[in-house]
Amino acid sequence: MVAIAGCGAPGDPDEETQTVAVAAAADLKFALDEIINAFEAEHDGWQISVSYGSSGNFVQQIRNGAPFDVYLSADITLAEALADGGFADPADVFGYATGRLVVWAADGSPADPTAGVSGLVKDDVKTVAIANPQHAPYGQAAEAAMRTAGVLEELKGKLVLGENIAQAAEFAQTGNADAGIIALSLALSPGLRDVGAFSEVPLDDFPRLNQGGVVLSRASESAHIFADFLTSPAGQEILSRYGFSPPDGEG
Amino acid sequence: MDWDAVVLSLRLAAATTVVLLLTGIPLAAWLAYSRRRWTVVVEAVVALPLVLPPTVLGFYLLVALGNRSPIGRWWIELTGSPLVFTFNGLLIASVLHSLPFAVQPLMASFAGVDRRLLEASTVLGRTWPATIVKVVLPLSRAGLVTAVVLTFAHTIGEFGVVLMVGGNIPGQTRTVAISIYDSVQAFDHATAARTSFVLLLFSLVVLVATYTINRRGRPAWPRP
């Protein structure tokens, strides 16, 4: 048993192998999986390992020493904060997309997602899933959208909080929540696009979700090459197919 | 199914079990036989992980082992790599989290050993450690088996502590339980269902095996 415990992670004998560990915002789940496939097809023997979660939680983990090379946040200010904290060179912060917000509901749900955020106030909608605004940028955006629509106080009692935006989407997808205010990228993903309907929340109704990332100080050159791929035309094409607007674009 | 995660969980559970046997046996023996007042407090501390929410333990461990803590900094100086979000960090967390699952069954069976045998052993000149190895352990087979099985199975199924101290890094700290959580969030219910079913079967087989071994002298599968 000691021998099992002592053995290292399975290594690739190929000495060309480059591994990059990425911490990514949960709204990137499907787009980034495809981007990684495209990248690995182009770069033989490279391995991109990715963890998805809430952007705010990743900041905590990186501050405590989590071994990530690239951090892809749903909110560029969090990436900037890591650079300010000495975990990366401020020059290595980059924007890669603008996130968009939708009201989503599964087929057969009492909620009518086409009525937008204020449509969720009606009585048969009992629960609305959002990401936890305490640490997830999409949760903060959803809260801002409700405030703009003037329904935040009315909806407060209905909110169920996902640990991150993917969990909020999962609550809505399984029907455990009647509706969700989630990322457009998830509404367009294979698991959701055929089983529900959505309408986009106008971009002016919440502070712009400038999604940005940063290559962390501990990373090697390969991490920069992967980060550059995200902002390359090939990476941007995949991101746009998943409902992301270009960074700093007009939406 | 995420085989990396399965292998990692098995490695973690095996290592946790080994560490907890090496440390748990002397600790349980001390708790079972010492007459000092402080044993009650130690006993309570050992039992804490049973009642503490895993996130509380995870939070304290993150703070205590993190790169800004004295222990974390000392470890980095010693090995060059951080303790949290690595296998070693997970191992420490799992050992603490599974502590009562090893120590309590051991303590119960040690306490059940006839004290006259212990006294005879001591009178005949055996040291305490030798008495534990030669007399107590052979008479505590059921407790040993229970401790090993519960520690191993409990570590495989651990979630909250692993998520907080491990950080869900593929191949390094993403255990089976976290992999199931990820599958659900990726709307991949088929994979989540498959992995969950394997874990359910595993747990059942493990428990049936334990109860079979522990039915000393009685048939394991009595005829009706």
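These numbers come from a predicted model, not from an experiment.

1. Some words on the overall build of chain A
Then comes step 1: Summing up its helical and strand segments, chain A has eleven helices and ten strands in all.
Then comes step 2: For 251 residues, the compact-globule estimate of 2.2 N^0.38 gives 18 Å, and the C-alpha radius of gyration of chain A, at 19 Å, lies within 12% of that figure.
Then comes step 3: Across its three principal directions, the C-alpha atoms of chain A cover 60 × 45 × 35 Å.
Then comes step 4: Counting only residues that meet the buried cut, chain A has 57% of its 251 residues in that class.
Then comes step 5: In chain A, 76% of the contacts between residues at least 6 apart in sequence involve partners at least 24 apart.
Then comes step 6: Summed over all atoms, the accessible surface of chain A reaches about 10200 Å², with 49% contributed by carbon and sulfur.
Then comes step 7: In chain A, 12 side chains carry a positive charge and 35 a negative one; their mean positions are 10 Å apart.

2. Here we look at the sheet that holds strand β4 (residues 88–99) of chain A
Residues and elements named next belong to chain A.
Then comes step 1: Ordered by their spatial adjacency, five strands build an open sheet running β2-β1-β3-β10-β4, and the pairing between neighbours is mixed. The open sheet has two free edges, formed respectively by β2 (47–53) and β4, since each of these has just one partner strand. Taking each pair of neighbouring strands and ignoring which way they run, the sheet shows an average axis angle of 20°.
Then comes step 2: In this structure, strand β1 (residues 19–25) lies alongside β2, joined through seven bridges in parallel fashion. Considered in β2, the bridge of Ala25 is made with Gly53.
Then comes step 3: Lying over the sheet, helix α3 (residues 55–63) contacts β1, β2, β3 (70–72) and β10 (209–216), oriented at roughly 155° with respect to β3.
Then comes step 4: Relative to the sheet, helix α4 (residues 76–84) contacts β3, β4 and β10, its axis offset from that of β4 by approximately 175°.

3. Some remarks on the pattern of salt bridges
Residues and elements named next belong to chain A.
Then comes step 1: Overall, the coordinates contain ten salt bridges over all chains when judged by the stated rule.
Then comes step 2: Residue Asp69 is joined to Arg218 by a salt bridge in which the shortest nitrogen-to-oxygen separation is 2.8 Å. Pair noted here: Asp69 is in the loop between α3 and β3 and Arg218 is in the loop between β10 and α10 (221–231), with a separation of 149 residues, a long-range link.
Then comes step 3: Close ionic contact of Glu143 with Arg147 constitutes a salt bridge, the shortest N to O distance being 4.0 Å.

4. A few points about the UniProt feature "domain: ABC transmembrane type-1" (unreviewed entry) in chain B
Then comes step 1: UniProt's entry tags residues 6–210 of chain B with the feature "domain: ABC transmembrane type-1" (unreviewed entry), counted in the numbering of this structure.
Then comes step 2: Across residues 6–210 of chain B, the secondary structure splits into 80% helix and 0% strand, with the terminal C-alpha atoms separated by 22 Å.

5. Description of the interface of chain A and chain B
Then comes step 1: Every contact between the two is made by 30 residues of chain A and, on the other side, 25 residues of chain B.
Then comes step 2: Buried surface at the junction of chain A and chain B, summed over both partners, amounts to about 2200 Å²; 62% is from carbon and sulfur atoms.
Then comes step 3: Across the contact surface, chain A and chain B share zero salt bridges.
Then comes step 4: One can count four residue pairs in polar contact (both at pLDDT 80 or more) joining chain A with chain B.
Then comes step 5: Sorting elements by how many residues they give to the side of chain A that touches chain B places helix α7 (residues 165–173) of chain A first, with five residues.
Then comes step 6: Class assignment for the residues of the side of chain A that touches chain B results in 14 nonpolar, twelve polar and four charged.

6. What about the environment of Phe58 of chain A?
Residues and elements named next belong to chain A.
Then comes step 1: Mapping Phe58 onto the fold places it in helix α3.
Then comes step 2: Sequence-wise, Phe58 and Gly212 are 154 residues apart; in three dimensions their C-alpha atoms are separated by 14 Å.
Then comes step 3: With residues near it in sequence (within four places) discarded, Phe58 still touches Ala23, Ala24, Ser51, Tyr52, Gly53, Phe68 and Tyr71.

7. Looking at the nonpolar core
Then comes step 1: By size, the foremost hydrophobic cluster in this structure holds 77 residues, and its most contacted members are Val22, Leu32, Leu72 and Ile182 of chain A.
Then comes step 2: Apart from the residues within four sequence positions on either side, Leu32 of chain A is in contact with Val22, Ala24, Val50, Tyr52, Leu72, Phe226 and Leu230 of chain A.
Then comes step 3: The next biggest cluster of nonpolar side chains, apart from the first, holds 30 residues, and it includes Ala15, Ala32, Val95 and Met107 of chain B.

8. Details of the packing of helix α2 (residues 39–51) of chain B against helix α5 (residues 87–111) of chain B
Residue and element names in this part refer to chain B.
Then comes step 1: Direction vectors running N to C along α2 and α5 enclose 125°, while the axes themselves pass 7 Å from each other. Put simply, α2 runs oblique to α5. Crossing angle aside, the handedness with which α2 passes α5 is left-handed. Taken together, the residues of α5 that come into contact with α2 (itself represented by Glu43, Val46, Ala47, Pro49 and Leu50) are Leu96, His97, Leu99, Pro100, Phe101, Val103, Gln104 and Met107.
Then comes step 2: The residue makeup of the contact of α2 with α5, split by class, is ten nonpolar, two polar and one charged.

9. Quick word on the confidence of the model for chain B
Then comes step 1: Of the residues in chain B, 97% have a pLDDT of 70 or more, and the chain-wide mean is 90.
Then comes step 2: Across the assembled chains, the prediction reports ipTM 0.71 with pTM 0.80.

10. What to know about the side chain of Thr173 of chain B
Then comes step 1: Among the structural elements, Thr173 of chain B can be located in the loop between α9 (160–166) and α10 (176–185).
Then comes step 2: Non-local contacts of Thr173 of chain B, meaning those with residues more than four positions away in its chain, are made with Leu8, Phe85, Thr86, Phe87, Leu90, Val162, Gly166, Gly167 and Asn168 of chain B.

11. Observations regarding the packing of helix α1 (residues 3–33) of chain B against helix α8 (residues 141–157) of chain B
All names here are of chain B.
Then comes step 1: At a minimum axis separation of 8 Å, α1 and α8 run at an interaxial angle of 140°. By the angle between their directions, the pair α1 and α8 is classed as oblique. With respect to the hand of their crossing, α1 and α8 are arranged in right-handed fashion. In this structure, α1 contributes Ser9, Leu10, Leu12, Ala13, Ala14, Thr16, Thr17, Leu20, Leu21 and Ile25 to the contact, and α8 contributes Leu144, Val148, Thr151, Phe152, Thr155 and Ile156.
Then comes step 2: Of the residues that constitute the contact of α1 with α8, the class distribution is eleven nonpolar, five polar and no charged.

Parameters at a glance
- Residues numbered from 1 in each chain as written.
- Chains lettered and ligands numbered in written order.
- Predicted model: local features only at pLDDT ≥ 70, side-chain atom pairs only at ≥ 80, totals over all residues.
- Heavy atoms only, no water.
- Helix = DSSP H or I, 4+ residues; strand = E, 2+ residues; numbered from the N terminus.
- Rg over C-alpha atoms; globule rule 2.2 N^0.38 Å.
- Buried < 20%, exposed > 50% of the residue type's maximum accessible area, 1.4 Å probe, protein only.
- Contact = heavy atoms within 4.5 Å.
- Areas by Shrake-Rupley, 256 points an atom, 1.4 Å probe, with all protein chains shown as cover.
- Lys, Arg positive; Asp, Glu negative; His and termini not counted.
- Charge placed at Lys NZ, Arg CZ, Asp CG, Glu CD.
- Pairing = 2+ DSSP bridges.
- Axes fitted to C-alpha atoms, helices over the stretch in contact; angles between N-to-C directions.
- Salt bridge = Lys/Arg side-chain N within 4 Å of Asp/Glu carboxyl O.
- UniProt positions renumbered as here; feature names shortened; annotations may be inferred.
- Buried area = accessible area lost by both parts, 1.4 Å probe.
- Polar contact = N/O pair within 3.5 Å; in protein donor to acceptor, adjacent residues only side chain to side chain.
- Nonpolar A, V, L, I, M, F, W, Y, C, P; charged D, E, K, R; others polar.
- Core = buried A, V, L, I, M, F, W, Y, C linked by side-chain atoms within 4.5 Å.
- Parallel < 35°, antiparallel > 145°, perpendicular 65-115°, else oblique.
- Left-handed = near helix turned anticlockwise from the far one by under 90°.
- pLDDT = per-residue confidence, 0-100.

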